[in-house]
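Residue-level structural notes
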Amino acid sequence: MKELATIRFIGIRMSRDFITMILLLGVPIILITVFSIILGEVEGLSGTPIRDETVVLLVLGFQLFGGAITMNYVHQDLFAERKNRLLSLPMNTTLYGFSIMLAGIIYSILLGIILITYTTMVFDVNWGNFIWALLVITLMSSLSSIVCLVFTFSVKNFKIAERLSEVYGVGMILLAGLFFPMPDNALINMFNDYVNPLMLAYSSIDQVRSGGLSDGWLYAALLSVLILIAFGLLLLTGRRRMP
Amino acid sequence: MTIFRFALKRILRDKTNVLFLTLFPIAAIFLPTAEDGWPLLPLGYQYFGILLLFVSIRLTSIMIEDRQKGVVKRLAAAPVSHFNYLWQNLLAFSVIMIIQIIIIISGGYAYGHELYEPWNLTILYLVFMFTAISISLAWNSLYRSKESSFLIFMAVIVLMALLGGILFPVEMMPVVFERIAVIFPTYWLSEGIEWIVFGEDRGDFLFINGVLLLYALFFLIIGSIRRIS
Amino acid sequence: MVNVWRFMNIVFLIALWIYQDPPLVSFLFVISLAIIVCLRWRFRLPSWTIIIDLILCFLFIPLWGSSAYGLALPVYEMMSRQKYRFLIVVILLIALFELYSIVLLWLLFQAGTFGVWDASSKKQRERYITEADRERHARQALENVKEELLKSNRKTAQLAEVSERNRIARDLHDHVGHDLTGANLALEAYEQLEGREAEAMLNEVKLRVARSTAMLRDTVHDMTPVTRIGVDVLEHIAKEFIHTSVSFQRSGDMKLVPAHYWGLLEPCLKEALTNVARHSDATEVNVNLDVTTYLVRLSIQDNGTESKHLGEGSGIRNLKVRARANGGSVTVNTVNGYQVVCVLPLEEDKR
């Protein structure tokens, strides 16, 4: 299991990547701060403050982009600059790819935890149960890492894979109606209710926050099903492309 | 005009670029009108300013690429002045973005959107386009790599849109933010859109465009700096 | 630094604008000033552009009173460019709009002082730069003179040798040559003569030979210098050194070494021995002088252990320059004790 020991070094590499850090930590903090100040204490339709709603959605939405780190590292190490060096090592590349994924997920979770703490400390945002929020964040970051890896493996051109991952992130946010309300279409509604991971994660947290633990479990289970499907796809595509 | 023609070719050679450049304005035409009275224009037209910013940073990134690959160094040795290089590139970007503006305005007119004063809207978009290009030019001059410049500028665009009153009406924000909003060029864009819908004093519209042009000049002066390394 | 100050002023104006919430039109003032500041940052604008600042202030002060704070920029500009006549305009503006706020006046005074300070520091910097340039120039000239001197040193030595050879040739020709030729003729005549005449002729020959022998001795005597020259000097120096025992070995034909080389080898040996006496704990010094057909090599090696930390003194550096001027080199090696090696090439015509 020496491959798993590389997680530490991948973590060190990630912690030195300041641009990613700015994008995944600095930007959300600024956005959340601005939104929180603008929205103030306005009450929403359902009784929870709009601020709580928006901030939770934002933090979860940024989790959608967390997979980009995993994707970049897998591409660099297994397909581009360091490919031949890694292949010459007495190491199982599949396991190494897996450990990159784990490191990416952990990194993304850590960023999520920082954001949750920041929002609760500074703006007093109600996240419901902290442990539950952590679980949902974990599910979200795993899903996004796996989905991004599926993109990496299924498309030959890495640039296109990157664009696809952006489409995944921005598209889910768009469909969730964060930028502007979506038209009231049965298909879109169904997608938001059962497939859109952002809405699933948000509903899960929202349900637990307002006491509906069983519904929360239901949404989390739906998310897990998505993860399982994505993982199956990952195995299928990865077997073909893995060096 | 060699540089101009070459810049156009470089931009259009990239297939994703072409897709990105045509698909988004066309998609923007079909976005619905908001029901609750804000934004005033159809959503696609309200957010078109954001799209212009995105497009301009994407287009100007070929100038960073030139710097990264050392083309600028070779140009410095070639019998081409930096000024020539700059204006021909900028002209190429402008031509592409003008086409986009024409697409969205004529498309919206054909689709039957209520655009109030299409000609003035075109002028407003054109002026904002110049501002957007010079802002991204100035932004790019701060960076060494294309990727980091683009990624961080995305966040800046969202912030500008947010604070400038494109995503939210400025009146909804706290008073301090309402005043700070004036600093952002996006504020003047949303003011211009408001003028087009309510259209009162002609002088106001000129003033708004004047401010945007001054912004364009300001950022152009910063961005036109020649960085070889 | 100046640009930081300029942009800080713009930031201050923007902050003031946001804080005071004046009519929207006055925002034009802030942007225009920002553009001018930007232009001044990128290019060196001519002095008349100060008028633009002043006109902007004149136009916008009625609209937004705090536009007067923008005057700080033109005031700085005119003071740093020493265009004092624009000050009248500023004073007129202050009088016209009755801007008697103490804070404003203090700010303008600060800006002016900053401008004056900037102008004087710029002047000083320019002076320092020209001074440094001049110094560098002088140093280079000195270096050139030194090279020339070393070259002419070598030439002088060659010239001296040639003229000495000429003198010897002349002496031999004028005196010894004449007498010997005379003696030869007299001897030939003696063979034909008999009796008293022959005796006189023989005496004549005797006299001439004796005279030319004396002349030859004199000439040789004149040629032989009283002081030691060449390898003898080095040997003498080595022998006279009392600090440690010095062994002197030589090999090769010393006559191949041109005269001016001794003038370099001698200080080289002296320098090395002085270093031994002053800095080293050596007990033994080996001096080797080898002359081959192509080069002269002088090596001074001691067995000291404490001289390793020594850097190069000016003595060695000087010798290096002189050796280089002759196409040779002086190197110092501190691996085993302290060793100075001087290698000089022998020229084509000397071989």
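Owing to the predicted nature of the structure, the values given are computational and were not obtained by experimental measurement.

Reading the values: the criteria
Residues numbered from 1 in each chain as written. Chains lettered and ligands numbered in written order. Predicted model: local features only at pLDDT ≥ 70, side-chain atom pairs only at ≥ 80, totals over all residues. Helix = DSSP H or I, 4+ residues; strand = E, 2+ residues; numbered from the N terminus. Rg over C-alpha atoms; globule rule 2.2 N^0.38 Å. Core = buried A, V, L, I, M, F, W, Y, C linked by C-beta atoms within 7 Å. Buried ≥ 20, exposed ≤ 12 C-beta atoms within 10 Å, placed from the backbone. Axes fitted to C-alpha atoms, helices over the stretch in contact; angles between N-to-C directions. Parallel < 35°, antiparallel > 145°, perpendicular 65-115°, else oblique. Left-handed = near helix turned anticlockwise from the far one by under 90°. Contact = placed C-beta atoms within 7 Å. Nonpolar A, V, L, I, M, F, W, Y, C, P; charged D, E, K, R; others polar. Domains from an automatic or database assignment.

Some details on the overall build of chain B
Looking only at helices and strands, chain B features 11 helices and 0 strands. N-terminal to C-terminal, the α/β element order of chain B is α-α-α-α-α-α-α-α-α-α-α. Its C-alpha atoms give chain B a radius of gyration of 18 Å, near enough to 17 Å, the size a compact globule of 229 residues would have. In terms of overall dimensions, chain B has C-alpha extents of about 55 × 40 × 30 Å along its principal axes.

Here's the deal with the nonpolar core
If you look at the biggest cluster of nonpolar residues, it comprises 95 residues, and the most contacted ones within it are Phe128, Met129 and Phe218 of chain B together with Ile31 and Leu33 of chain C. The biggest single contributor to this core is helix α7 (residues 118–140) of chain B, with 12 residues. By size, the runner-up hydrophobic cluster in this structure holds 62 residues, among which are Trp127, Val147, Phe151 and Tyr202 of chain A.

Quick look at the packing of helix α1 (residues 2–13) of chain B against helix α6 (residues 82–111) of chain B
Residue and element names in this part refer to chain B. Running from N to C, α1 and α6 point in directions that differ by 45°, and their axes come no closer than 8 Å. Classified by the interaxial angle, the pair formed by α1 and α6 is oblique. The handedness of the crossing between α1 and α6 comes out as right-handed. Contacts from Ile3, Phe4, Ala7, Leu8 and Ile11 in α1 reach Asn84, Tyr85, Gln88, Asn89, Leu91, Ala92 and Ile96 in α6.

Regarding the interface of chain C and chain B
On the chain B side, the residues contacting the 13 residues of chain C number 14 residues. Within the residue set of the side of chain C that touches chain B, elements represented by two or more residues are α1 (2–20) and α2 (27–42) of chain C. With 9 residues, the single largest contributor to the side of chain C that touches chain B is α2 of chain C. Looking at the side of chain C that touches chain B residue by residue, the classes come out as 10 nonpolar, 1 polar and 2 charged.

Some words on unusual backbone geometry
We note that Asp21 of chain C has phi near 55°; this positive angle belongs to a residue other than glycine. With respect to the element layout, Asp21 of chain C can be found in the loop between α1 and α2.

Some words on the domain arrangement of chain C
All names here are of chain C. Segmentation of chain C into domains returns domain 1 (2–100), domain 2 (153–223) and domain 3 (231–350). Centre-to-centre separation of domain 2 and domain 3, based on C-alpha positions: 43 Å. With 4 residues of domain 2 at the interface, the matching set in domain 3 holds 4 residues. Residues that form the side of domain 2 that touches domain 3 fall into these classes: 1 nonpolar, 1 polar and 2 charged.

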